[in-house]
Amino acid sequence: MKKFFVSLAALMLAAGLSYAQDLSEATETAKSAVEAFESGNKTEALTLFNQALELATACGEAGNDIVSQCKAAIPTISLSLAKEEYNAKNFVDAAKMFAEAAAVAEKYEAFDVVEEATSLIPKAYFGGANALLNNKQFAEAVELYKKVIELEPENANAILRLGMALNGAGNTEEAISTFLLAKDKGKEKDAVKQLCNIYTKQAAASLKGKKFAEAVEAAGKIIDLNPENAQAYQIAGQASQLAGKNADAISYFEKYLELAPTAKNAGQIAYTVGALYQSAKNNAKAKEYYQKAVTDPKYGAEAAKLLNSLK
């Protein structure tokens, strides 16, 4: 880049010596632009190159060389300034500047700059959206993630994070559909985790509100997504038991104990299953589960008592 601008300065000096006064002004302005760039003042350099371009264009054919060099410099500097804004984490401003750089590069047929600047626009919006999500500014994050996806419809990370922002903003149903899309786009593990979190909250809230059928339904959605999710079986078991569906409760609780045999409440659940089997007059299974509960600090003594009564 430095050699490019040094050669540009030499060209413009030669032009200034050989052309009339009006071209000399364009040459001197372009030289000042080069000096500003080399001193690190890109903003001033960009302004001066644009002024030199206007002056040289007015000179007709005599200014063609200066016009050509300015058109090469302006898109490059515009892109560089946009990158500085991105590196400073001013992501939204950077996105706008990348778009402006791409537009001017298109105008001046600097197609390599067009390609690079265009590719950086969604990255800038993504960076801004992530910062907003981390700050729990969910509604604002939603808008930026949607800009990313509009530009990159297959961006699975953006789709996943859009779901997180939507969920944070309280748009649960839209969040669910977005997570399902992220799952289909290749973010299955992360999307399933987010979906299970949503359904777990729904199931727990339904259980607390004594909406037992809804609790079982929500727990079932978790199980469909992740058959190894022990908590879902526990909630489904509790809801089924409270709804009087003991056979279903037994089935769910047994699966819970299979998946979480060392859980803190394993003894309590085993005792519950034993009691459910005993009420169903299946004493053999009742004893099996009371036996698993005898070491529980809270339910062990009662489990042992019932176990002895069934001998």
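Residues numbered from 1 in each chain as written. Predicted model: local features only at pLDDT ≥ 70, side-chain atom pairs only at ≥ 80, totals over all residues. Heavy atoms only, no water.

1. Digging into the overall build of the protein chain
Heads up, the rule is: Helical segments are the DSSP runs of H or I of at least four residues, strand segments are the runs of E of at least two, and each set is numbered from the N terminus. As a reference, a globule follows 2.2 Å times the number of residues to the power 0.38, and the radius of gyration itself is taken over C-alpha atoms. When checking whether two residues touch, look at their non-hydrogen atoms; a contact exists if any pair is within 4.5 Å. The method behind every accessible area is Shrake-Rupley, applied with a 1.4 Å probe, and residues are considered shielded solely by the protein chains displayed. Positive charges are assigned to Lys and Arg, negative charges to Asp and Glu, while His and the chain termini are left out of the count. Lys charges are placed at NZ, Arg charges at CZ, Asp charges at CG and Glu charges at CD.
Looking only at helices and strands, one finds 16 helices and zero strands in the protein chain. At 34 Å, the protein chain has a C-alpha radius of gyration far larger than the 19 Å of a compact globule built from 311 residues. Seen through its principal axes, the protein chain has C-alpha atoms that stretch 115 × 30 × 25 Å. When contacts within the protein chain are restricted to residue pairs at least 6 apart in sequence, long-range pairs at least 24 apart make up 47% of them. Element-wise, carbon and sulfur atoms account for 50% of the exposed surface of the protein chain, whose accessible area totals about 16,600 Å². Of the side-chain charges in the protein chain, 34 are positive and 38 negative, and the distance between the mean point of each set is 17 Å.

2. Overview of the nonpolar core
Our working rule: Here the nonpolar core consists of buried residues drawn from Ala, Val, Leu, Ile, Met, Phe, Trp, Tyr and Cys, with membership extended through side-chain atoms lying within 4.5 Å. We call a residue buried when its accessible area falls under 20% of the maximum for its residue type, exposed when it is over 50%, and partly exposed in between, using a 1.4 Å probe and counting protein chains only.
Residues Leu79, Phe98, Tyr145, Tyr256, Leu257, Val273 and Tyr290 are the most contacted members of the largest nonpolar core, which totals 69 residues. The greatest single-element share of this core, amounting to ten residues, is contributed by helix 6 (residues 111–134). One finds Val34, Leu48, Val67 and Leu81 within the second-largest nonpolar core, a separate group that totals 24 residues.

3. Observations concerning the packing of helix 5 (residues 91–107) against helix 6
Where we set the bar: Inter-axis angles, ranging from 0 to 180 degrees, are taken between N-to-C directions of lines fitted to C-alpha atoms, where helices are fitted over the stretch in contact. Roughly parallel covers angles under 35 degrees, roughly antiparallel covers those over 145, roughly perpendicular covers 65 to 115, and oblique covers all other angles. A crossing counts as left-handed when the near helix is turned anticlockwise from the far one by less than a right angle, and as right-handed when that turn is clockwise. Three classes are used, and their members are as follows: Ala, Val, Leu, Ile, Met, Phe, Trp, Tyr, Cys and Pro are nonpolar, Asp, Glu, Lys and Arg are charged, and the others, Gly among them, are polar.
Where helix 5 contacts helix 6, the axes come no closer than 8 Å and their chain directions differ by 165 degrees. Classified by the angle their axes make, helix 5 and helix 6 are roughly antiparallel. For the element pair helix 5 and helix 6, the recorded crossing hand is left-handed. Residue-level contacts link Phe91, Ala94, Ala95, Phe98, Ala99, Ala101, Ala102, Ala105 and Glu106 of helix 5 to Phe111, Val113, Val114, Ala117, Thr118, Leu120, Ile121, Ala124, Tyr125, Gly127 and Gly128 of helix 6. Partitioned by chemical class, the residues of the contact of helix 5 with helix 6 number 16 nonpolar, three polar and one charged.

4. A word on the packing of helix 10 (residues 188–208) against helix 11 (residues 212–225)
Running from amino to carboxyl end, helix 10 crosses helix 11 at an angle of 165 degrees, the nearest separation of the two axes being 8 Å. Here helix 10 is positioned roughly antiparallel relative to helix 11, judged by the angle of their axes. Viewed along their axes, helix 10 and helix 11 form a crossing whose handedness is left-handed. Here Val192, Leu195, Cys196, Tyr199, Thr200, Gln202, Ala203, Ser206 and Leu207 of helix 10 come into contact with helix 11, specifically with Phe212, Glu214, Ala215, Ala218, Ala219, Lys221, Ile222 and Leu225. Residues belonging to the contact of helix 10 with helix 11 are distributed by class as follows: twelve nonpolar, three polar and two charged.

5. Topic: the environment of Tyr290
Operational definition: Polar contact is the term for a pair of N or O atoms within 3.5 Å; when the atoms are in protein, one must be able to donate a hydrogen and the other to accept it, and sequence-neighboring residues count only if both atoms are side-chain atoms.
Here Tyr290 shows up in helix 15 (residues 283–293). Dropping the residues within four chain positions of it, Tyr290 is found in contact with Tyr271, Gly274, Ala275, Gln278, Ala303, Leu306, Leu307 and Leu310. Here Ala275 takes part through its backbone nitrogen, which lies 3.5 Å from a polar atom of the side chain of Tyr290.

6. What to know about helix 11
Residues spaced three or four apart along an α-helix point in a common direction, a consequence of the helix completing one turn every 3.6 residues. Basically, it comes down to this: Here a helix's expected span is defined as the number of its residues, less one, multiplied by 1.5 Å. In this context, the arc is that of the directions from the helix axis out to the C-beta atoms.
Helix length check: helix 11 (14 residues) gives 20 Å between terminal C-alpha atoms against 20 Å at 1.5 Å per residue, within 8%. The set of residues buried in helix 11 consists of Phe212, Ala215, Ala218, Ala219, Ile222 and Ile223. Taken around the axis of helix 11, the buried residues stretch over an arc of 150 degrees, which confines them to a single face. Set apart from the buried face of helix 11 by more than 90 degrees, the exposed residues are Ala213 and Asp224.

7. A word on the environment of Glu61
Of note, Glu61 is situated in the loop between helix 3 (42–57) and helix 4 (64–87). The exposure class assigned to Glu61 is exposed, which follows from its relative accessible area of 73%.

8. Here we look at unusual backbone geometry
Phi is positive for Lys89, close to 65 degrees, though the residue is something other than glycine. Relative to the helices and strands, Lys89 is located in the loop between helix 4 and helix 5. The class of Lys89 is exposed, set by a relative accessible area of 60%.

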